[in-house]
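Here is how the chains run, residue by residue.
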Amino acid sequence: LCSLPGQALRQRVLGPGSLRRGYRGDSPTDSGKDLLEIPLPPWQERPDEPLETKRARLLYESRKRGMLENCILLSLFAKENLNRMSEQQLNLYDRLINEPSNDWDIYYWATGMVQLLVLGSFGTGQSPSLASPFFFFTSEAKPTPAEFENDVMAMLREFAKNKKKEQRLRQPDLEYLFEPSR
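Keep in mind it's a predicted model, so treat the numbers as computed, not measured.

**Q** Mind showing me how you'd approach unusual backbone geometry here?
**A** Leave glycine aside and you will find that most residues have negative phi; peptide bonds, for their part, are mostly trans. Non-glycine residue Asn-162 carries a positive phi angle of around 50°. Along the chain, Asn-162 turns up in the segment after α6 (151-160). Given the relative accessible area of 14%, Asn-162 is considered buried.

Given below as structure tokens:
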């Protein structure tokens, strides 16, 4: 079972049609009329914004994402990198975190992987990893769109690898903002 490609494994474990997006849609006869689409304003570059204002805004926006995984990943990345970024890199980062409408896309592009939690009961005689009431499996994420494939995305991917094996369980405290620059 675990040797199947990601899509085949999802179809076998979760069933066909189980990966549709939206708040409803479990019924084959569902019209989808009750799906809620909230239009987001288009991202606009702010060419006249002072650099320190831009850094402060991006720091805030990195911390307030709407999903904990990106709050942690992006706030720690911002703490480590925003003060070293050039104006062009700040603009690329601004576009990266504000143009895509789906935060999960940003997370998957940065980590390169999609992790799914599968709930269910599995009979005996199967792999021990599948004997528990739930398990995770990982699949490759969809490719990053060309407009986001740049040096900032490369920096974020490198940061997401966590080569120093740091514990990244929460956002950084804000006290570092008041420390003198080094």
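Having put the structure on the table, let's press on.
**Q** Help me understand the environment of Leu-92, please; the structure alone is not making it clear to me.
**A** Tracing the chain through its elements places Leu-92 in helix α4 (residues 87-98). Beyond its immediate chain neighbours, meaning those up to four positions away, Leu-92 contacts Asn-150, Asp-151 and Val-152.

**Q** Explain the nonpolar core to me, please; I cannot follow it from the model alone.
**A** The biggest cluster of nonpolar side chains holds 22 residues, and the ones touching the most others in it are Leu-82, Met-85, Tyr-93, Leu-96 and Leu-156. Of all the secondary-structure elements, those providing two or more residues to this core are α2 (51-63), α3 (68-81), α4, α5 (103-111) and α6. With six residues, α3 is the single largest residue contributor to this core. Residues within four places of Tyr-93 in sequence aside, it is in contact with Leu-58, Ser-62, Leu-74, Phe-77, Ala-78, Leu-82, Met-85 and Val-152.

Conventions adopted
Residues numbered from 1 in each chain as written. Predicted model: local features only at pLDDT ≥ 70, side-chain atom pairs only at ≥ 80, totals over all residues. Heavy atoms only, no water. Helix = DSSP H or I, 4+ residues; strand = E, 2+ residues; numbered from the N terminus. Buried < 20%, exposed > 50% of the residue type's maximum accessible area, 1.4 Å probe, protein only. Contact = heavy atoms within 4.5 Å. Core = buried A, V, L, I, M, F, W, Y, C linked by side-chain atoms within 4.5 Å.

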